[in-house]
Amino acid sequence: MAKGNRLPEHRVLVIGAGIGGLTAASALARFGVQVDLVERRAALGGHAVRFACKATDRCVKCGACLVTEAIAAATSDPRIRIHAGSRVGEFRRTAQRFEFTIERSEEAVPGGGRSSKAGRDATPPAADAVVLAAGFDVFDPKDKAYGHGVFPNVVTLLELEHELRRQGALNRPS
């Protein structure tokens, strides 16, 4: 490693801005690496941003607050360039680096708003490494034997988390 625990002028492309991508981007930035963080959705945090805190009178280390902290760390670090509402377009490996384009339909701006910029970056960037933190698809309970959508008290974990976050308490849907 270079002097002072800093990597020499490296750039990394991180695809996905859920808790994994945010954490990777911040860790790399702490070592002085320039990061392009690409997220297809307009909002950062992935599925974890929908989780609710389980604390009552003290922290129970449920992890729900970690995504908020990770978003704050990534958005405040000048070494992390966030491309929300975007995707990696053309991508190719050269002899030394990865060249890519970023296609965006909208871009996050400070304060949580969005700009109306569309199109591609003028100069395609290049990265020394790529981190793929693309997340997962949510389980679809429809047409399964569990009774979701048939019985009112059968809910998915994400539906339960959403209600807990919205209401601050759990109530049986029926």
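The structure we're discussing is the one just above.
Now for a look at the structure at hand. Going along each chain's sequence as written, the residues are numbered from 1 onward. Under the rules for a predicted model, residues below a pLDDT of 70 receive no local features and side-chain atom pairs below 80 are neither given nor counted, while totals for whole chains, interfaces and linings still include all residues. The basis for every side-chain value is the complete set of heavy atoms in the structure, and neither hydrogens nor water enter the calculation.

With that settled, consider the pairing of strand S5 (residues 98-104). Burial here depends on accessible area, computed with a 1.4 Å probe over protein chains only, as a share of the maximum for the residue type. Under 20% is buried, over 50% is exposed, and the range in between is partly exposed. Each helix is a run of DSSP H or I of at least 4 residues and each strand a run of E of at least 2, with the numbering of both proceeding from the N terminus. Of all seven residues that make up S5, six are buried, and the element is covered over most of its length. In this analysis, strands are considered paired if DSSP registers two or more bridges between them. Pairing of strand S4 (residues 86-93) with S5, which is carried by six bridges, proceeds in the antiparallel orientation. Following the sheet pairing, valine 88 is matched in S5 by isoleucine 102. From the end of S4 to the start of S5, which pair antiparallel, there are four residues. Here S5 pairs with strand S9 (residues 126-127) via two bridges, running antiparallel. What sits directly across from phenylalanine 98, in S9, is alanine 127.

Patch definition: residues above 30% relative accessible area lacking any salt bridge, with like charges linked at up to 9 Å and the nonpolar side chains Val, Leu, Ile, Met, Phe, Trp and Tyr linked at up to 5 Å. Accessible surface is estimated by sampling points in the Shrake-Rupley manner with a 1.4 Å probe; for residues, cover comes only from the protein chains shown. Counted as salt bridges are all cases of a side-chain nitrogen of Lys or Arg within 4 Å of a carboxyl oxygen of Asp or Glu. Where nonpolar side chains cluster on the molecular surface, the patch consists of Val155, Leu157, Leu160 and Leu170 and spans about 350 Å² of accessible area. Structurally, the position occupied by leucine 170 is in the segment after helix H3 (157-167).

What follows deals with the pattern of salt bridges. The tally for this structure, following the rule as stated, stands at seven salt bridges. Of the charged contacts in the structure, one is a salt bridge between arginine 11 and aspartate 36, with a shortest N-O distance of 2.6 Å. Here the residue arginine 11 occupies a position in strand S1 (residues 11-15), and aspartate 36 occupies one in strand S2 (residues 34-39), the gap between them amounting to 25 residues. Using a relative accessible area of 24% as the deciding quantity, one classes arginine 11 as partly exposed. Accessibility expressed as a relative area gives 1% for aspartate 36, which makes it buried. Between arginine 87 and glutamate 103 there is a salt bridge, and its shortest N-O distance comes to 2.9 Å. With arginine 87 in strand S4 and glutamate 103 in strand S5, this pair connects stretches of sequence that are 16 residues apart. In this structure arginine 87 comes out as partly exposed when scored by relative accessible area, which is 48%.

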